[in-house]
Amino acid sequence: MPNQDQNPFETTHTGARTYPEMFSLQIREGAFYLAFRSGQHSDVFATNLVFAKRLGRMILRQIEEFEKANGVQIEGSLPDEPMKSPIQNK
């Protein structure tokens, strides 16, 4: 088991890494489920909604920092959200 102080994203990390081909998120019965699949292997994680909300905020914050540092705008509309027309973006 890695030391809690180790950064799991360091290039010297020698633990197993899974590069998922797909992932799914679901909230049901008051729990947050996150599933990753790669080939025939899948991992499902279940946790509470506090974790889910923090995860969403952490990801959004890091993307916003990336956009600011690189002068780019990453499209983030969800498939069920209306998209702005090019006229509205002017």
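Throughout, residues of each chain are indexed from 1 in the direction in which the sequence is written. At least 70 in pLDDT is required for a residue's local features to be given in this predicted model, at least 80 for side-chain atom pairs to be given and counted, and no such filter applies to totals for whole chains, interfaces and linings, which use all residues. Just so you know, side-chain values use all the structure's heavy atoms and leave hydrogens and water out.

For the purposes of this entry, the term helix denotes a DSSP run of H or I that reaches at least four residues, the term strand denotes a run of E that reaches at least two, and both are numbered from the N terminus. Counting secondary structure elements, the protein chain contains one helix and three strands. In sequence order, the protein chain lays out its α and β elements as β-β-β-α. Per-residue burial over the protein chain gives 6% buried out of 90 residues. Contact criterion: two residues are considered in contact whenever any of their non-hydrogen atoms come within 4.5 Å of each other. In the protein chain, once contacts between residues fewer than 6 apart in sequence are set aside, the share between residues at least 24 apart is 0%. Throughout this description, buried means an accessible area under 20% of the type-specific maximum (1.4 Å probe, protein chains only), exposed means over 50%, and partly exposed covers the range between.

By rolling a water-sized probe across the atoms, one finds the places where empty space is left. Buried and open spaces are told apart on a 1 Å grid over the protein atoms alone, a cavity being a set of points where a 1.4 Å probe fits but cannot get out and a pocket being an open set with protein on both sides within 12 Å along at least five of seven lines. Residues with an atom within 4 Å of a point are the lining residues. Grid points are joined across faces, edges and corners, and a volume is the space filled by probe spheres set on the points. Size it by volume and the largest pocket reaches roughly 410 Å³. Taken together, G56, I59, L60, I63, E64, E67, Q73, I74, E75, G76, L78 and E81 make up the full set of residues lining the largest pocket. In this classification, Asp, Glu, Lys and Arg are treated as charged, Ala, Val, Leu, Ile, Met, Phe, Trp, Tyr, Cys and Pro as nonpolar, and every other residue, Gly included, as polar. Of the residues belonging to the lining of the largest pocket, the class tally is five nonpolar, three polar and four charged.

Any two strands are treated as partners once DSSP identifies two or more bridges connecting them. Judged from the seven bridges that link them, strand β2 (residues 31–38) and strand β3 (residues 41–47) form a sheet pairing that is antiparallel. Counted as the bridge partner of F32 is T47 from β3.

Next up on the list: unusual backbone geometry. Here the phi dihedral of E29 falls at roughly 55°; this positive angle occurs in a residue that is not glycine. On the basis of relative accessibility, which here comes to 76%, the residue E29 falls in the exposed class.

What characterises a pair of aromatic rings is the spacing of the ring centres plus the angle enclosed by the ring planes. Note on aromatic contacts: the rings of Phe and Tyr and the six-membered ring of Trp form a pair at centre separations within 6.5 Å, being stacked when their planes are under 30 degrees apart, edge-to-face when over 60 apart, and tilted otherwise. Overall, the coordinates contain three aromatic pairs when judged by the stated rule. Ring geometry for F32 and F51: centres 6.4 Å apart, planes at 40°, overall tilted. Highlighted residues: F32 in strand β2 and F51 in helix α1 (residues 49–70), separated in sequence by 19 residues. According to the relative accessible area criterion, F32 is buried, its value standing at 7%. Ring geometry for F36 against F45: centres 6.4 Å apart, planes inclined by 75°, an arrangement best described as edge-to-face.

Interpretation note: all reported values are geometric properties and have no functional meaning in isolation.
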